[in-house]
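# Secondary and tertiary structure notes
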Amino acid sequence: MKKKALAKDFYMEIRRSLGRFLSIFFIVAIGVAFFSGIRATEPDMRYSGDAYFDEKNLMDIEVISTMGLTEDDIEAVKAVDGISEVEGGYSVDALCTEGDNQVVVHVMSILPTMNQVQLEEGRLPEAEDECVVDVDYLNESSWEIGDTVTFSSGTEDEITDSLKTDTFTIVGAVSSPCYIGFQRGSTTIGTGSVSAFVCVPDESFSMDVYTEIYAQVEGAKDLTAFTDEYDNRVEEVLESVEAIKEERQEARYQEIVDEAEKELEDAAQEVADAEQELEDGRAEAEEELAEARKKLEDGQAELDEGKSELESSKEDLERSRQQLADGQAELEQSAEELNSNIDTLNEQIDALNQAKEQYNALAAGGQTDDTTLATMNALYAQIQEGEAQIARAQEQIESARSQIEAGQAEINSGWEQIESGEAQIDQAEKDLADAEQELADGWEEYYEGEAEAEQEIADGEQKIEDAKKELADAEAEIADLDHPKWYVYDRDNLTEYSGYGDNADRMRAIGEVFPVLFFLVAALISLTTMTRMVEEQRTMVGTLKALGYERHSIAAKYLGYALLATVAGSLFGVLFGEKVFPYIIITAYGIMYQHMNVIRIPYNLEFGLMASGAALVCTLGATFFSCYKELKEQAAELMRPPAPKQGQRVFLERIRFLWKRLNFSWKATVRNIVRYKKRFFMTVFGIGGCMALMIVGFGIKDSISAIAVLQYEEIQQYDGNVILNEDASEEEKAQVSRELEEDDNVAGIMEGLLVQITIGNGEQWEEVYLNVPSDVDNFSDFVVLRDRVTKEEYALSDDGVVLTEKMAKELDLKAGDTVTIRDEDKGDLDVTIEYICENYMSHYLYMTPSVYEKLYGEEPEYNSICYRTVDRTTEEADEVGTQILEQEGALSVSYTTDLKQQVDDMLESLDIVIVVLIISAGMLAFVVLYNLNNISITERKRELATLKVLGFYSGEVCAYVYRENIILTLIGSLFGMILGKILHQFIIVTVEIDSVMFGRNVDVSSFLYAFLLTVVFSCFVNGVMYFKLKKINMVESLKSVE
Amino acid sequence: MEEFVKLQDITKIYKMGEVEIRAADRISFSIQKGEFVVIVGPSGAGKTTVLNILGGMDTATDGKLIVDGEDITSYNSRKLTGYRREDIGFVFQFYNLVPNLTALENVELALQICKDPLDAKEVLEDVGLGDRLDNFPAQLSGGEQQRVSIARALAKNPKLLLCDEPTGALDYNTGKAILKLLQNMCRERGMTVIVITHNQALAPMADRLIHIKNGQVSKMELNENPMSIDEIEW
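Residues numbered from 1 in each chain as written. Chains lettered and ligands numbered in written order. Predicted model: local features only at pLDDT ≥ 70, side-chain atom pairs only at ≥ 80, totals over all residues.

### Let's talk about the overall build of chain A
Counting its secondary structure elements, chain A contains 23 helices and 22 strands. Considering only intrachain contacts with a sequence separation of at least 6, the fraction spanning at least 24 residues in chain A is 84%. (Helix = DSSP H or I, 4+ residues; strand = E, 2+ residues; numbered from the N terminus. Contact = placed C-beta atoms within 7 Å.)

Given below as C-alpha cells:
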C-alpha cells in the first residue's frame, strides 16, 4: 500500500514540476537527437551511396590494360573465384570544340548491365553516330541536344582508329555513377583535364580489343559500399584478379607477338617474292632490250643500203640529165643553123623578089630593047635559078626543121624520164628519212626503256631493301615489345568515389565532436537539475525516512523521475534525430553529388542505444549520487536545513583598491559567481558551446568565402589563363602574346608552363600543377608566394621548388624536404622543397626554368599565358579571353571567376549546415540558460524575496540576478570564442575537400554576430525569467529555511 | 500624540478555490510614533497577515492603512516597493542575510537603495558587532546574525521597524539580548518598533499590546510603564 502512495507522489511530482521534467526531457532529446542523428549520418551516407551504386549496378573491379583486353581476358577474369559478372568496355579520350574552347571529353561505351547511366534528358543513343553527354556539362556549355560534335584524337593517331565515325549527334543527357561529383578526371591530351564524359553505343567503337574490363564481386552488392566489409571483400577478389594478371599479360603479349611474327613472316615472304619477281623482271627486260636493239640495228643496215642505192640512182640521173642537156645544146645549134639558113634563104628570097620587081618593072615598062630584054632574060634566068635555089633551100630547111623537131621530142622524153627518176629519188629519200626517223625513235624508245627498266629495278631493289630493313626493325620491335601491363583497380579509381567516403568520414569526425559537446551539456544540465531536485526535497526525503521507508523506495522516486524523463527524451531524440539530421545533411551534400538521388536513412540502433545509454548513465548517475548523499544522512538531520554554505572571500578582494570601488551588488555578484561553481561552469560551458557552435557556423562560411578573396586577390593576381595550342606554330603562339600585350584591358602578361604532374613522398602520390614561370623576377606580380601565418613573401630561386600548403600537408612534407616527381618518360625525379606557400584552390608546385631544366634535362616549353586586367573585373577578363580565343595559337582560357563560382557553390551547400548549427546553438543556449536560471532562481528564492522586502524594485532584483547572468554570459562568450576558434580549426580541416584548402580565419564580424546572437538568446531567456522573478512572493522570505 | 500608523477595517481574504479564508477580518488599530508595539496571538491568528500588510508586502482586500499620513492601501506595487525601501525596516525570524556578503556588506545592501541612510559601520557597532564587520553570516552565531539583520533594518533609518518573531529561532538568552536591543533602539532613537510574536511573555515590555485572534483584534492594551526586558522572564 505504501508503494501506492509513493507512486501517486511520483506522478504528482511530475505534474507539479512539469517544467523540470520537460527540461530534462528536452535536453536529453536534443542531446540524443544530435548525437545519434549526426553519428547516424555517417553510416546513412554510406547506405545512401551504396543504394545509389547498387541501383546503377556499379562495377566493383576495373581492369585496364596498356594493350587492350581480349575476349579471352574476359573469360579469364570471369573464371576468377569471387567474380560474378564481367563486362568489357571501350573508352577513349578525345578533343572537341565547345564554343571557342577546346575541351577534352572521355568517350565511353555504354555497358550492357553495369555502370548504368541515368538518362536525365532526351534519349539514349541507338545509332552508331549518336551519343549522350554528361548532363552537368550539357547544362553549363553551349551544347544542346540535337547538336553534332566532332571528335579528334589529340595525338598523332586518328580518332577513327578508335571510333567508327568522328561526328556524333547528341541525343540526350545522362549522369553516370562513375562521376558522382563535379570532377571528371585527368587525361594526357589537350588541357590535361577532362571536362565531360560522353557515352556512345558499343558499336561506335572500331577497336578490336576492349580497353577495360568491368567486374562485379560476388556478394559485394549485399555489402555496404565505403565500409571495411565491402573493401575487404573486394580487396580479396582483387587480389585473385591480380593473381591472373601475370599470366594474362603474358598471354596477351604472346598473342601480340605471335600476330606480329606471323605478319613478319608474311612480310618476309612478300619480300622474297618481290625479290624473285624483280630478278625475273630484270631478265625479261634485258632480253626484250636485246631484241629491240637487234631490230634497230637491222633497220640501220637496211637504211644505209637504201641510201647508197639512192646515191647511185641519183648519179645516173645526173648523167642522163647531162646527156639531155648536151642533146639540147646540139639541137639548139642545129636550130640556130637552121635559122641562119632560113635567114639566108630569106635574103635570097628578098633578092629574088627584087629581081622579080625589076623584071616586072622592066616588063611593065614595055621596053623591048634588048638590053632590056637581055637584061630581062638574064633577070628571068636569074629569077628562075633563084626560085629553084629557094625551093631547094626550103626543102633543106624543112628537113632540118623536122630533124630538130625529132631531136627536141627525143630530148623532151628524156627530160620526162629524168623527172620521173627524180620523183622516184625524192620518194626514196623521203622513205629513207622516215626510216631514219623511225630508227631514231626506236633508239630513243630503247634507251628510255632501258632507263626505265633500270629505274624500276633500282626501285624494286630499294623497296626490297626498305622492306628488309622494316622487317629487321619489326623484328627488333617484337624483340623489345613492351609487355602489356594490367592495372586492376577497385572503385577508388573512380573520380570522387572515395571523396564521398571521405565526406562520410568527415561527417564521422564532426559527429564525434559536435554531438559530444551537446551531450556533455545535456548531461551536465540533467545532473544539476536532478541534484537540485533531490536537494529541494531534502525535508521530504527526511520525512519519508523518518516514516520508515527503505532507502531504495525513496531513491526510486527520483531515479524513476530521471529514468522516465531520460527514456522518453531519448526515444523522442532517436526517432527524431536519426531521421532529420541525416536527411538534412545528406540533402545538403546532394548539392555536391547532384545525381546521387537516393537517400537511405534507416534507424541505426547502435547510435540510438549508445546515446540513450549515455544519457541514462548521466542522469541516473547524477540522481543516484544526489540521492545517495541525502539518504546517507540521518532523518533528523535531513529535517533541519542544510548548513549554509560558507561565504567566501574571493581573489578580487585581495586587490583592495579595486574591491573598494565595487559596490556591494557587484561584490555579491562576484562572490556568487565564485560560490556557485557548478553553475558557473555550466553556464560558461553552455554559453561557450553555443557561441562556439555559431562561430564554427559563421567561421566555415568565412573560411570558404575567404578562399576567393585570398586566392584571387592576394595570391593569384591574374584574371585569366590562356592555354596555348600545342599544335600551333611558334609564330601563332607569339601572336597570342602580342595580341594580349596590345589589348588595352590587359595590364600584364606572363608566359609559363602549366602542366599536371604526379608528385609523391614515400608511398603516397598526388596530382599537382607544375607551374614554371618564364620570368622569375616578375612572377610575384602574378602569383604571390608567402607564408600563411607570417605573411613573409618568398621568391622563387634556383635552389629548390615551392609547394603549396595543403599538398605539403597531405604528403607530409615541409620546407627542406625532398619531393619526388613521377614522370612517365624520365622516371622519378627528386627535388628539394625550399618553401611551403599559402594557397587555397588546387595544388601547385612552382619552380624556376633553370630548376626545370636541371630536372628534366630540357627547357620548359611554355604552354600558357596568364594575364591580369587593368581593373580586374570579370567583364574585362571575359572580353580579353573571348578575343584571344580567336587566335589560332590559343587553345582555351580559364577565368578566375569560374573558380569563384565553384567557391559559391560550395558555400551554398554549407548554408544549410550553418543554419542547422545556429539553430542547434540557439536551442542549446536557450535550454542551458533557462535551466540554469531556473535553478538559480529557485535556489535563491529566499534571498530574492528578502531583497524585495528590503524594497528593491523589480528591476533592481532582476539586475541583481542578471548582473550575474551577464557576467557569466560574457565569460561564456569569451570561452566560446576560444573554443569556437579551436573547434573551427578542427572542423575546417576535417570538412575540407582534397583540392581546396579553406581559409583558417574567422572574421571579427563572425565573432560579433555569434556574440550578438548569444546575447539575443541570453536576453530572451532572461526576459522569460523576468516574469518568473516577478512572481516570487515576498512571503517566501518569512518561511523557514528548507 | 497623533496616530502615526492607523489601520482601519483591514480585511484580507485568501481565495482557495471555492473556499474563502479571512486571514484578517476588519482589523483596526493605531500606533503612535516612537511606541514599542507587540502584537501577540496564537499561530494562524492573522499576525503575519497584518505584518505583511503593514510592511507593504501584501495588499489588503479591504480597509485602509495610513502610515505617517500616507494612504498605503492606495499604493500600486511600485509605490509599495518605494514604501518598503524608504519607510520600513524588516527583521526576519530567520535573519535572511545574503550569505555571500559580509555583515557590513549585508547592511550596505539595504543602504544603497535608501535616500537617507545611517552609517553602516556605526549601526553595526551600535548593535554590538563592531568587531565582526567582515564576517560572513555563516561565520556568525544566530544572535549575531539577527543583530546584523536588525542593523540592516535600522540603518535604513525607517519610519517603522517590523520584527517577525525576531527571537523565534534563537535561544532564550540571545532572544532576550535581541529584544533588549530592539527596545533600546526604540527608546534611544525614538523608532516605532512593531514586534510580532506568539510569546505572551513579551507583553509587559510593550508600550502598546495588541492581541489578535481569529483574524480580529481581540484586545488592545496600553502599558503606561513598560518593563525592561531584563525584568521579564519566561
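Moving on, there is more to tell.
### Thoughts on the overall build of chain B
Broken down by element type, chain B carries six helices and ten strands. Evaluated residue by residue, chain B yields a buried proportion of 50% over its 234 residues. Contacts in chain B between residues at least 24 apart in sequence constitute 69% of all its contacts with a sequence separation of at least 6. (Buried ≥ 20, exposed ≤ 12 C-beta atoms within 10 Å, placed from the backbone.)

### A short note on the nonpolar core
Grouped together as the largest cluster of nonpolar side chains are 301 residues, with contacts concentrated most on B:Val107 and B:Val193. Among the elements that make up this core, the one with the highest residue count is helix α15 (residues 677-715) of chain A (20 residues). Excluding residues that lie within four positions of it along the chain, B:Val193 makes contacts with B:Phe36, B:Val37, B:Leu161, B:Cys163, B:Leu182, B:Met185 and B:Cys186. (Core = buried A, V, L, I, M, F, W, Y, C linked by C-beta atoms within 7 Å.)

### Re the environment of A:Tyr137
Residue and element names in this part refer to chain A. You can see Tyr137 is positioned in helix α4 (residues 135-140). Given 20 C-beta atoms within 10 Å, Tyr137 falls into the buried group. Residues Tyr137 and Phe197 lie 60 residues apart in sequence; the distance between their C-alpha atoms is 8.4 Å. Apart from the residues within four sequence positions on either side, Tyr137 is in contact with Ser195 and Ala196.

### Re the interface of chain B and chain A
The interface of chain B with chain A comprises 28 residues on the first partner and 26 residues on the second. At the level of secondary structure, the elements contributing two or more residues to the side of chain B that touches chain A comprise α1 (47-54), α2 (77-87) and α3 (103-111) of chain B.

### A word on the sheet that holds strand β6 (residues 88-91) of chain B
Residues and elements named next belong to chain B. The six strands are arranged β6-β7-β8-β3-β9-β10 in an open sheet whose pairing can be described as mixed. Whereas interior strands pair on both sides, the edge strands pair on one side only; in this sheet they are β6 and β10 (216-222). With direction set aside, neighbouring strand axes in the sheet form an average angle of 20°. Pairing between strand β7 (residues 160-164) and strand β8 (residues 192-197): five bridges, direction parallel. Each residue of the ladder has a partner; that of Asp164, found in β8, is Ile196. (Pairing = 2+ DSSP bridges. Axes fitted to C-alpha atoms, helices over the stretch in contact; angles between N-to-C directions.)

### Quick notes on unusual backbone geometry
Positive phi outside glycine occurs at A:Ser842, with the angle close to 60°. For A:Ser842, a count of 18 C-beta atoms within 10 Å corresponds to the partly exposed category. In this model, B:Asn214 sits at a positive phi of 50°, which is unusual for a non-glycine residue. Summarising the element assignment, B:Asn214 is placed in the loop between β9 (208-213) and β10. When the 14 C-beta atoms within 10 Å are taken as the criterion, B:Asn214 is described as partly exposed.

### What about the packing of α15(A) against helix α23 (residues 1004-1030) of chain A?
All names here are of chain A. Two elements in contact, α15 and α23, have axes separated by 9 Å at closest approach and are oriented at 145°. Between α15 and α23 lies a crossing of right-handed hand. Each of Ile687, Cys690, Met691, Met694, Ile695, Phe698, Gly699 and Asp702 in α15 lies in contact with α23, whose residues at this interface are Ser1006, Phe1007, Tyr1009, Ala1010, Phe1011, Leu1013, Thr1014 and Phe1017. For the contact of α15 with α23, the class distribution of residues is twelve nonpolar, three polar and one charged. (Left-handed = near helix turned anticlockwise from the far one by under 90°. Nonpolar A, V, L, I, M, F, W, Y, C, P; charged D, E, K, R; others polar.)

### What to know about the sheet that holds strand β5 (residues 70-71) of chain B
Residue and element names in this part refer to chain B. Pairing is antiparallel across the open sheet formed by four strands, whose spatial order is β2-β1-β4-β5. Strands with a single pairing partner mark the edges of an open sheet, and in this sheet they are β2 (19-32) and β5. Two strands pair when backbone bridges link them, and strand β4 (residues 62-67) and β5 are joined in this way by two bridges, in the antiparallel orientation. Across the sheet, the residue bridging to Val67 is Glu70, located in β5. Contacting β1 (3-16), β2 and β4, α1 runs over the sheet at an angle of about 60° to β2.

### Describing the pairing of strand β3 (residues 36-40) of chain B
All names here are of chain B. Burial within β3 is extensive, with five of its five residues counted as buried. Side-chain alternation along β3 places Phe36, Val38 and Val40 on one buried face and Val37 and Ile39 on a second face that is also buried. Two elements, β3 and β8, share five bridges in a ladder whose sense is parallel. Across the sheet, residue Val40 finds its bridge partner in β8, namely Thr197. Sheet topology places β3 next to β9; four bridges connect them, and they run parallel. Its bridge partner lying in β9, Val37 is registered against Arg208.

### Observations concerning the confidence of the model for chain B
Averaged over every residue, the pLDDT of chain B is 85; residues scoring 70 or more account for 99%. Predicted complex metrics record ipTM = 0.87 and pTM = 0.63. (pLDDT = per-residue confidence, 0-100.)

### A closer look at the environment of B:Val5
All names here are of chain B. Structurally, Val5 is set in strand β1. Val5 sits in the buried class, given 21 other C-beta atoms within 10 Å. In sequence terms Val5 and Ile31 are 26 residues apart; their C-alpha atoms lie 4.9 Å from each other. What Val5 contacts, discounting residues up to four positions off in sequence, is Ser30, Ile31, Val67 and Leu160.

### Points about the pairing of strand β10 (residues 210-217) of chain A
All names here are of chain A. β10 sits mainly inside the fold: eight of its eight residues count as buried. Looking at chain direction, strand β2 (residues 83-89) and β10 are connected through six bridges and run antiparallel. Within the sheet, the bridge partner assigned to Gly89 lies in β10 and is Glu212.

### Here's the deal with helix α19 (residues 874-885) of chain A
Residue and element names in this part refer to chain A. With twelve residues, α19 extends 16 Å from end C-alpha to end C-alpha; this agrees with the ideal 16 Å at 1.5 Å per step. All buried positions along α19 are accounted for by Glu876, Ala877, Val880, Gly881 and Ile884. Looking straight down α19, one finds that the buried residues subtend no more than 130° of arc, so they occupy a single side. For α19, exposure combined with an orientation more than 90 degrees from the buried face picks out Glu875 and Thr882. (Expected span 1.5 Å × (residues − 1). Arc of directions from axis to C-beta.)

### What to know about helix α6 (residues 172-189) of chain B
Three- or four-residue spacings in an α-helix give side chains the same orientation, since the helix completes a turn every 3.6 residues. Residue and element names in this part refer to chain B. The first and last C-alpha atoms of α6 sit 25 Å apart over 18 residues, in line with the 26 Å expected at 1.5 Å per residue. In this structure, the buried residues of α6 make contact with β3, α5 (142-155), β7 and β8. Downstream of α6 by one or two residues, Gly190 has phi in the positive range, about 70°.

### Notes on the packing of helix α5 (residues 228-365) of chain A against helix α6 (residues 370-479) of chain A
Residue and element names in this part refer to chain A. Taken N-terminus to C-terminus, the directions of α5 and α6 make an angle of 170°; their axes are 3 Å apart at the nearest point. The angle between α5 and α6 places the two elements in the roughly antiparallel class. In terms of residue class, the contact of α5 with α6 is made up of 54 nonpolar, 28 polar and 19 charged. (Parallel < 35°, antiparallel > 145°, perpendicular 65-115°, else oblique.)

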